[in-house]
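Next come the chains, spelled out residue by residue.
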Amino acid sequence: MGPSTEPIPSDIASQIWNTSSEKDIVDITEAINKILQGGGMSELTAIERTHALKEEVIRQLKTIMEKEKRENLGGPKFIFSQVMDTDRLIGKAHIASYVQTDVLVSLSKEILSLMQECNSVITSMHDVSKPPIFKTTTIMMGNIPYLNHVVKNLPDFKNFLGALYMLFYDDAGERDLRVDMKYYTKKDANGDYLKGEDGHFIDIDDFVLFDIKDLRTAGGHDSEAWPKGEQKQQEIANVVERYTYKTSMYSLNAEELYEFQVQLLTRIKELLLKVKADLDEEENRRKREKQSAANAGGVS
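Definitions and limits used
Residues numbered from 1 in each chain as written. Predicted model: local features only at pLDDT ≥ 70, side-chain atom pairs only at ≥ 80, totals over all residues. Heavy atoms only, no water. Helix = DSSP H or I, 4+ residues; strand = E, 2+ residues; numbered from the N terminus. Buried < 20%, exposed > 50% of the residue type's maximum accessible area, 1.4 Å probe, protein only. Areas by Shrake-Rupley, 256 points an atom, 1.4 Å probe, with all protein chains shown as cover. Axes fitted to C-alpha atoms, helices over the stretch in contact; angles between N-to-C directions. Parallel < 35°, antiparallel > 145°, perpendicular 65-115°, else oblique. Left-handed = near helix turned anticlockwise from the far one by under 90°. Contact = heavy atoms within 4.5 Å. Nonpolar A, V, L, I, M, F, W, Y, C, P; charged D, E, K, R; others polar. pLDDT = per-residue confidence, 0-100. Salt bridge = Lys/Arg side-chain N within 4 Å of Asp/Glu carboxyl O. Pairing = 2+ DSSP bridges. Phe/Tyr/Trp six-rings, centres within 6.5 Å; stacked < 30°, edge-to-face > 60°. Lys NZ or Arg CZ within 6 Å of the ring centre and 35° of its normal.

Draft legend 1. Representation of the overall build of the protein chain. Check the secondary structure of the protein chain and you find nine helices and three strands. For the protein chain, the sequential pattern of α-helices and β-strands runs α-β-α-α-β-β-α-α-α-α-α-α. When the 300 residues of the protein chain are sorted by exposure, 39% land in the buried category. Carbon and sulfur atoms make up 51% of the accessible area of the protein chain, which totals about 17,300 Å².

Right under this line is the structure:
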């Protein structure tokens, strides 16, 4: 039996890298399979060997990419898709849109994961006064894909805002948010929640979930028809300005809308990190108190 003619991973990686155009999106699994079959390997054997070789080929491709980063001022002609498909190479012609999508997918995954983690802590505490932060509804689940869609225009942005709204407000009351009011209500010097002359609690001006509600009002409803319509319009303008330095969503171009999108997701992630940290601290405190009570009960 003669020596194997199967190409080694570094040769496969070089062939994929050097023969693919910068305009391509290369599925590495498919590319390896074609190379193996092109060398005379049967289809079934090629499929089996492709999966065995893929990780090593990807490592070799990353080595090539790092070398190009060092030696080519223009950077490598491909990047890896970090979130959507880790076994794809994205050519320069597609890099911008794929990088944007990767950022959104990564942020939305982190947000959904944090919401579920918060739910797990709440469930473990058996505290009926704390509602689940992440409440799965058909409407909410149907809107999740909009979180990952790179907005190009105002209708896209309105769909994105609607998805964020459903994530936190679907099946919840007007102020019955699934986070503690300490995150969105002002306090006085004594730490008591502040109320205005109308008896309502005073909101924190830049609370991201209220920002989303205001922006959705601008995007999907006629704010002029609301009571105090001019005041509502000014509040919406203030929100837009806080994130974009402009006062109207209608004046934002595609790049600015995308940056707005990323900022909102980032602020939500930061909020949920705080919520999760506080819930973890509360859970640990309860465990310590329970353990202390148990230890005290065991003392004769």
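Draft legend 2. Seen up close, the packing of helix α2 (residues 28-38) against helix α3 (residues 43-71). One can describe the packing of α2 onto α3 by two numbers: an axis separation of 8 Å at closest approach and a directional angle of 125 degrees. On the basis of their axis angle, the class for α2 and α3 is oblique. Between α2 and α3 lies a crossing whose hand is right-handed. Contacts between α2 and α3 involve I28, T29, I32, N33, L36 and Q37 from the former and E43, A46, I47, R49, T50, H51, L53, K54, V57, I58 and L61 from the latter. Its residues assigned to classes, the contact of α2 with α3 shows nine nonpolar, five polar and three charged.

Draft legend 3. Spotlight on the environment of L154. Mapped onto the elements, L154 comes out in helix α6 (residues 154-169). On the basis of relative accessible area, L154 is assigned to the buried category, the value being 13%. Sequence-wise, L154 and L252 are 98 residues apart; in three dimensions their C-alpha atoms are separated by 8.3 Å. In this structure L154 touches M249, Y250 and L257, once residues within four positions along its chain are discounted.

Draft legend 4. Local environment of the confidence of the model for the protein chain. For the protein chain, the mean per-residue pLDDT works out to 84, and 90% of the residues sit at or above 70. At the level of individual helices and strands, the protein chain shows its lowest average pLDDT in helix α7 (residues 208-220), which scores 81, and its highest in helix α1 (residues 9-19), which scores 93. Of the regions scoring below 50 in pLDDT, residues 220-227 engages in 11 contacts with residues more than four places distant in sequence or in other chains.

Draft legend 5. Spatial organisation of the pattern of salt bridges. Across all of its chains, the model carries 15 salt bridges by this definition. A salt bridge links E56 to R59, with the shortest nitrogen-to-oxygen separation between them at 2.8 Å. You can see E56 and its partner R59 sitting in helix α3, three residues apart, about one turn around the helix. For E56, a relative accessible area of 26% corresponds to the partly exposed category. On the accessibility criterion, R59 (46% relative accessible area) is partly exposed. When the shortest N-O distance is used, the salt bridge between K276 and E117 registers 3.9 Å. Here the residue K276 occupies a position in helix α9 (residues 254-297), and E117 occupies one in helix α4 (residues 92-125), the gap between them amounting to 159 residues. For E117, a relative accessible area of 33% puts it in the partly exposed group. Salt bridges here are not isolated pairs; linked through shared partners, they connect E117, K276 and D280.

Draft legend 6. Here's a closer look at the sheet that holds strand β1 (residues 25-27). Read from one edge of the open sheet, three strands run β1-β3-β2, paired in antiparallel fashion. The sheet is open, and its two borders are formed by β1 and β2 (78-80), each paired with just one other strand. If you compare each strand with its neighbour and ignore which way they point, the axes differ by 25 degrees on average. Sheet topology note: the β1/strand β3 (residues 88-91) ladder contains three bridges and is antiparallel. Across the sheet, the residue bridging to I25 is I90, located in β3. Of the strands in this sheet, β2 and β3 touch α3, which is tilted by about 135 degrees from β2. Across the sheet, α4 is in contact with β1, β2 and β3; its angle to β3 comes to roughly 120 degrees.

Draft legend 7. Just the packing of aromatic side chains, in detail. Tallied over the entire structure, the rule returns nine aromatic pairs. Their ring planes at 35 degrees and their centres at 6.0 Å tell us that F157 and F160 sit as a pair that is tilted. On the criterion of helical spacing, the pair formed by F157 and F160 is a turn pair, its members being three residues apart in helix α6. Centroid distance Y184 to F207: 5.3 Å. Interplanar angle 45 degrees. Geometry classified as tilted. Here Y184 is found in the loop between α6 and α7, whereas its partner F207 is found in the loop between α6 and α7, with 23 residues between them in sequence. Across the pair, F207 and Y184 agree in class, each one buried. Members of the aromatic cluster, joined through ring pairs, are F157, F160, Y243 and F260. Seen from the ring of Y165, R216 lies directly overhead, with NZ or CZ sitting 3.9 Å from the centre.

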